[in-house]
Amino acid sequence: MPPTLASLVHHSALKLTVRAGEERLDTAVRWAHVSELADPVPYMEGGELLLFTALKLDAEDPEAMRRYVKRLAGAGVVGLGFAVGVNYDAVPQALVDAARDEEFPLLEVPRRTPFIAISKAVSAAIAADQYRAVTAGFAAQRELTKQALSGGPEGLLGVLAGQVDGWAALYDASGAVVAAAPEWAGRRAARLVADVERLRERPAPASAVVGGSEENGGGDEDRVELHSLGTGRRPRAALAVGTAAALGTAERYALHSAIALLTLTTERSRSLHAAEQRIGAAVLRMLLAGEPEHARTVAGDLYGGLLDAPFRVIVAEVASASAGRAHAEGHARVALDKPERPAPGTGPAAVTASGDPLTGLADVVEAAAARSGEAVLVVPDGDRLVLLAADGGAAAGSCTQYAEALETARLTQREQGGAGEEDELVVGLSAPAGPIAAATAYKQAEQALSVARRRGRALVEHEEVAAGSVVPLLADDAVRAFADGLLRALKDHDATGRGDLVASLRAWLSRHGQWDAAAADLGVHRHTLRYRMRRVEEILGRSLDDPDVRMELWLALKATSASGE
C-alpha cells in the first residue's frame, strides 16, 4: 500500500503534528515536494505533500492564505507541511483557519525535522510498496502458470479472481462465456456480451473499462476491465475482470500475466485448429469421393464420432454478385488444397464482429460444438464454407440460429427503409445422412443453397425443397423471360380481340385435355375450344400432342401467374 498522510504522521522519527484536515489523513501521497513559490500550482501533478516555510508568503494574511490553500486543493495537492522555527515560530492562525475551511490537511513540521527526511520517508515507503507489488506479482505469475498447465483456463481464472479480489471470465471467439470464477460470475459476465462484441470489432490487442450500474443489470457497482486475447488482427477470445475498485500494481501484474498465458493458450489452440482443419479437409474429400472407410480411418478419434451417427452437410456462401455468378455456372467443387480460413478483411464486407460472415458462422458453430463436446468438421472452400455437424446437435442448431438472427436483422433493416447488405450470408442444409451418402448430402445442401439465394433467404433446409412446390421456383427472372417469350404471340393475338387463347389453353391444360370439362369451365361449346386449340398450335408452330410442349406451356402459364400477370 502506498504511503499516506496518516503513515507519515505516525512515523516516529518525523514528529509531525496535525493542525487541520484530520478526516483526510488516509489520502495517498505520491511524492513530497519543497516549494517556496507564491504559486507552485503550475509545477504540481497532483498527489503531492507540499513542504514550505512561507519564505515569500505573508502567512498571517487570511485572504492570501485562503487563496493559496484553495488553489493547492484544486490542483490535487494532498496536504501542506509547514516548518516552524524558520520564518515563523508557530503555524500562523490564518493558515490554520484557511486549511480548516477547505478541510485541507495541514501538518506542522518541527524545527529539528528537515524536509529531506520527509522526502526520504515518502520515497522509501513508495519503493517498499513497489517491491511488495513486484514480489506479489511474481508469486501470482508462478501460481497462474501452474494452474494454466494443470487446471487449464478454468483453474487460471480461479487464481486470477483470488489475486484481484474479484471475479474473472473468459469469452470464446463467438463472444459466449466459456468459463468464469467464482461460479456466480458467469451470470455477471453474460450481461457484458454486447461490450465484448464491441471490443472484438477493434484490432487486437484492445481493452475497455465498463462500470457497473443499475442499467446494465442488477445494480452491480463493480469495475470491469475487458481485454482481447490473441496476436492476430481478429481477437480469438476475450478476458473480463471485475473488481470493486481500480486495480493496484500487484493486481495489474497478475492480470498481465493471465493475459499472456491465455494468449499463449489461444495461439497454441489456433495452430492445433489449423492442423485439425487440414485433417478435416482430407476426411471430407474422401467422403465425397465415396471412400467412407478411408475417411473413417483418417478421422480417427478427432472426427470419428461424427461419422458414427447421422450428420448434416452445410454449405454456406456470401451472396455477392461475383459468388452468385461463379456458382450459377454449376461449378460445384471443394477446394481442399486451401484449408486455411480466409483472413479477416480479405473476404466480403464484414457484417459481424468477428470478420466476414463465413468466419462469423464458423466461429459460432465451432464454439457451440466445443461447449457441448461435439465434433464438427469445418472446411473453408474459397467463397464457401462446408461443414459437417451432427444431426440434432448443438453445432447444427447454432448454425440455424445464426442464420435466423441474420434474416431477422435483414427484415428489420428493410422494414425501416434501409438498404440490405451488399454481401449477405446464405446457407443450404442437407437432410440427415451417413458417410455412404455424403456426396448426395452435399448435392442436397447445394440445391438448398441455390434456392436460398434465389428466394433471398438466409437459410433453406433440403426438406423444404423436397416437400414444397415447384411453383415458387418459377419466380426466377430467367424462367419469367422464357414464359413471356413462349406466350407472347398468344397474348398479342388475344389483344386484338380475336379470341381468348391464353385462358382457353390454361383451362384445357388444367383439365388434362378433357374437351367437355374445359369447355364447361370456359362457358363455350367444345367445338369452339377445339378451334381455339388448333389456332394455338398454328400460332406457336408446335403440337399440343407433344407432352414436352404441354409441360412447357403449363409451366409458362404458372410462371406468369406467379408474377401476377
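Residues numbered from 1 in each chain as written. Predicted model: local features only at pLDDT ≥ 70, side-chain atom pairs only at ≥ 80, totals over all residues. Heavy atoms only, no water.

Visitor: I'd like a rundown of the overall build of the chain, residues and numbers included.
Guide: When its secondary structure is counted, the chain shows 19 helices and 15 strands. The buried share among the 565 residues of the chain stands at 45%. Put simply, of all contacts in the chain between residues at least 6 apart along the chain, 64% involve residues at least 24 apart. A total of about 27300 Å² of accessible surface is found on the chain, and carbon and sulfur atoms cover 53% of it. (Helix = DSSP H or I, 4+ residues; strand = E, 2+ residues; numbered from the N terminus. Buried < 20%, exposed > 50% of the residue type's maximum accessible area, 1.4 Å probe, protein only. Contact = heavy atoms within 4.5 Å. Areas by Shrake-Rupley, 256 points an atom, 1.4 Å probe, with all protein chains shown as cover.)

Visitor: Explain the environment of Ala 194 to me, and be specific about the residues and the numbers.
Guide: For Ala 194, the location among the structural elements is in helix H7 (residues 193-200). Note: C-alpha distance between Ala 194 and Gly 175 (19 residues apart in sequence) is 8.4 Å.

Visitor: If you had to explain the packing of aromatic side chains to someone new, which residues and values would you point to?
Guide: The tally for this structure, following the rule as stated, stands at four aromatic pairs. With a centroid separation of 6.0 Å and 50 degrees between ring planes, the pair formed by Phe 82 and Tyr 88 is classed as tilted. Each of the two residues, Phe 82 as well as Tyr 88, counts as buried. Following the ring pairs from residue to residue traces out a cluster consisting of Phe 52, Tyr 68, Phe 82 and Tyr 88. (Phe/Tyr/Trp six-rings, centres within 6.5 Å; stacked < 30°, edge-to-face > 60°.)

Visitor: Just give me the short version of the sheet that holds strand S2 (residues 31-34), but keep the residues and values in it.
Guide: In spatial order, the strands read S1-S5-S4-S3-S2; together these five strands make up an open sheet with mixed pairing. If you trace the sheet from one side to the other, it starts and ends with strand S1 (17-20) and S2, each paired once. This sheet shows a mean twist of 30 degrees between the axes of neighbouring strands, independent of strand direction. Direction of pairing for strand S3 (residues 48-52) relative to strand S4 (residues 79-83): parallel, over a ladder of four bridges. For Phe 52, the partnering residue across the bridge sits in S4 and is Phe 82. Along the sheet, helix H4 (residues 115-150) contacts S2, S3, S4 and strand S5 (106-109); its crossing angle with S2, the most-contacted strand, is approximately 160 degrees. (Pairing = 2+ DSSP bridges. Axes fitted to C-alpha atoms, helices over the stretch in contact; angles between N-to-C directions.)

Visitor: Can you explain the environment of Leu 8? Please cite residues and give values.
Guide: Within the secondary structure layout, Leu 8 lies in helix H1 (residues 5-9). Through-space distance from the C-alpha of Leu 8 to that of Val 29 is 9.4 Å; in sequence the pair is 21 residues apart. When residues no more than four places from it in sequence are discounted, the contact partners of Leu 8 are Leu 14, Leu 16, Val 29, Leu 49, Ala 121 and Val 122.

Visitor: Now, about a nonpolar patch on the surface: what can you tell me, with residues and values included?
Guide: Together, Ile 279, Val 298 and Leu 302 give the surface a local cluster of nonpolar side chains, amounting to about 190 Å² of exposed area. Mapped onto the elements, Val 298 comes out in helix H9 (residues 292-303). (Patch = residues over 30% accessible without salt bridge, like charges linked within 9 Å, V, L, I, M, F, W, Y side chains within 5 Å. Salt bridge = Lys/Arg side-chain N within 4 Å of Asp/Glu carboxyl O.)

Visitor: So what's going on with unusual backbone geometry? Which residues, and what values?
Guide: Ala 181 connects to Pro 182 through a cis peptide bond whose omega is -5 degrees. Of note in this structure, Ala 54 is not a glycine but carries a positive phi near 65 degrees. Its place among the elements puts Ala 54 in the loop between S3 and helix H2 (62-74). On the basis of relative accessibility, which here comes to 4%, the residue Ala 54 falls in the buried class. Although it is not a glycine, Asp 165 adopts a positive phi angle of roughly 55 degrees. In this structure, Asp 165 sits in the loop between helix H5 (152-164) and strand S6 (167-171). Classification of Asp 165 by relative accessible area gives exposed; the value is 70%.

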